[in-house]
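Commentary on secondary and tertiary structure
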Amino acid sequence: MTSLDTLHPRLPSPLQEIEDPRFTHHGTRLLLKRDDLIHPQLIGNKYRKLAPNLTAAAGRTVVTFGGAYSNHLRATAAAGRLLGLPTVGVVRGQELADRPLNPSLARCTADGMRLHFVDRSTYRHKTEPETLAAVLRAADAEGAYVVPEGGSNAEAVRGCHALGEELRGRADVVALACGTGGTLAGLAAGLAPDQRAVGVPVLKGGFLTADIQALQQQAFGGPRGTWHLDDRFHFGGYARTTPALDAFAEDFEDRHALPVERLYVAKLLYALVTLAQEGAFARGTTIAAVVTGRPFP
């Protein structure tokens, strides 16, 4: 198996201060933790979560899960190509099998990932042992190393611990957008005791608190760090945006010459501007926003 060292990740990722009157007016500083610059293809928290799992795979085929627009599937496919690992993506939605691939799934196949489509009912039960075994048989992937949807498992959470360590002493509040919660679970554990983390879920449903608690239990044996979630900024759910969010992202790009990824990062930045306006941060607070990805071409 090719060593992960050949990927040459940029770690620790850069920390960039942004001058923005929507924060300075309230006496706060905004820093961007540029995890989008870790690797040109394994972007942001995807590298941090995948690296320990790819090591654990030890050369075996990697099977993972996602929807039709999953950034995690794309990152896993790219990792497989770069490291010479076979990858299989189990995609939610059997109906998609007979349709032209969207750009995201087309990129996966171009990177060598074999796609296996399953119906939505089966997908909902994918973590149950019998269902998982049946899916692996159908995908001709028995004996493969399985990475869960979004890449969040104990290995990934421990991999994200370093993100918190890199931000120790650099900010009072660290914020990031959350999908499956693994990055926040690890980040919060790595921060210093006087720091706190804020998660902005990009899916609606209010289920992430229990998931993050469970991930910390699996990774560290119990709760770690100070963190909370603000569920107000999902904009309708995963992969959904609104004209207001698109306008905000375009304005931020124009102000700071920074490409803003829409599914996660735009929602995070919108949330932080809103929280600053609401007075959620005391004057003198330094906020670090984790840029977990960038727009895909």
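See the structure shown above.
Residues numbered from 1 in each chain as written. Predicted model: local features only at pLDDT ≥ 70, side-chain atom pairs only at ≥ 80, totals over all residues. Heavy atoms only, no water.

With that settled, the discussion passes to the packing of aromatic side chains. Tallied over the entire structure, the rule returns six aromatic pairs. Between Phe-248 and Phe-252, the aromatic rings sit 6.2 Å apart at their centres with planes inclined by 40 degrees, giving tilted as the arrangement. Highlighted residues: Phe-248 and Phe-252, both in helix H10 (residues 243–256), separated by four residues, approximately one helical turn. You can call Phe-248 buried: its relative accessible area is 9%. A relative accessible area of 0% places Phe-252 in the buried class. These aromatic residues form a ring-pair network of at least three members: Phe-233, Phe-235, Phe-248, Phe-252 and Tyr-270. The ring of Tyr-123 carries Arg-92 above its face, with NZ or CZ at 5.3 Å from the centroid. (Phe/Tyr/Trp six-rings, centres within 6.5 Å; stacked < 30°, edge-to-face > 60°. Helix = DSSP H or I, 4+ residues; strand = E, 2+ residues; numbered from the N terminus. Buried < 20%, exposed > 50% of the residue type's maximum accessible area, 1.4 Å probe, protein only. Lys NZ or Arg CZ within 6 Å of the ring centre and 35° of its normal.)

Moving on: the layout of surface pockets. Reported here for the second largest pocket is a volume of approximately 250 Å³. Lining the second largest pocket are 14 residues; nearest its centre among them are Tyr-69, Asn-71, Arg-74, Leu-263 and Phe-296. Every element with two or more residues in the lining of the second largest pocket is listed here: helix H3 (71–83) and helix H4 (103–110). By residue class, the composition of the lining of the second largest pocket is eight nonpolar, two polar and four charged. (1 Å grid on protein atoms, 1.4 Å probe; cavity = no way out; pocket = protein on both sides within 12 Å on 5 of 7 lines; lining within 4 Å. Points joined across faces, edges and corners; volume = space filled by probe spheres on them. Nonpolar A, V, L, I, M, F, W, Y, C, P; charged D, E, K, R; others polar.)

Okay, the environment of His-161 next. Of note, His-161 is situated in helix H7 (residues 154–166). Along the backbone, His-161 and Ala-185 are 24 residues apart, and their C-alpha atoms lie at a distance of 8.1 Å. Beyond its immediate chain neighbours, meaning those up to four positions away, His-161 contacts Gly-186, Ala-189, Gly-190 and Phe-220. (Contact = heavy atoms within 4.5 Å.)

This next bit is on the sheet that holds strand S10 (residues 286–290). Spatially, S1-S2-S10-S7-S8-S9 is the arrangement adopted by the six strands of the open sheet, whose pairing is mixed. If you trace the sheet from one side to the other, it starts and ends with strand S1 (15–18) and strand S9 (227–229), each paired once. Strand-to-strand twist in this sheet, taken as the mean axis angle between neighbours without regard to direction, amounts to 25 degrees. Taken together, the three bridges between strand S7 (residues 173–178) and S10 define a ladder with parallel strand orientation. Bridge pairing links Val-174 to Ala-288 in S10. (Pairing = 2+ DSSP bridges. Axes fitted to C-alpha atoms, helices over the stretch in contact; angles between N-to-C directions.)

Take the nonpolar core next. Ranked by size, the top nonpolar core spans 33 residues in total, and within it Leu-30, Leu-32, Leu-269 and Leu-272 carry the most contacts. Secondary structure elements with two or more residues in this core: strand S2 (29–33), S7, strand S8 (196–201), H10, helix H11 (265–277) and S10. Per-element tally for this core: the top contributor is H11, with nine residues. If near-sequence neighbours (up to four positions away) are discounted, Leu-30 is found in contact with Gln-16, Glu-17, Ile-18, Phe-23, Phe-252, Leu-272, Ile-287 and Ala-289. The next biggest cluster of nonpolar side chains, apart from the first, holds 23 residues, and it includes Ala-171, Ile-212, Trp-227 and Ala-288. (Core = buried A, V, L, I, M, F, W, Y, C linked by side-chain atoms within 4.5 Å.)

What follows concerns the pattern of salt bridges. One pass over the structure, following the stated rule, counts 18 salt bridges. Residues Asp-20 and Arg-22 are paired through a salt bridge, measuring 2.8 Å at the closest nitrogen-oxygen approach. Across this residue pair, the class does not change: Asp-20 and Arg-22 are buried. If you follow the salt bridges from partner to partner, you end up with Asp-20, Arg-22, Asp-251 and Arg-255 in one network. (Salt bridge = Lys/Arg side-chain N within 4 Å of Asp/Glu carboxyl O.)

Now for the sheet that holds strand S5 (residues 114–118). Pairing in this open sheet of four strands is parallel, and the strands run S5-S4-S3-S6 from one edge to the other. Since the sheet does not close on itself, it has two edges, and those belong to S5 and strand S6 (145–146), each with one partner. Pairing analysis gives five bridges linking strand S4 (residues 87–92) to S5, with the strands arranged parallel. Bridge assignment links Arg-92 to a residue of S5, and that residue is Val-118. Running at roughly 115 degrees to strand S3 (residues 62–66), helix H6 (residues 129–138) makes contact with S3, S4, S5 and S6 of the sheet.

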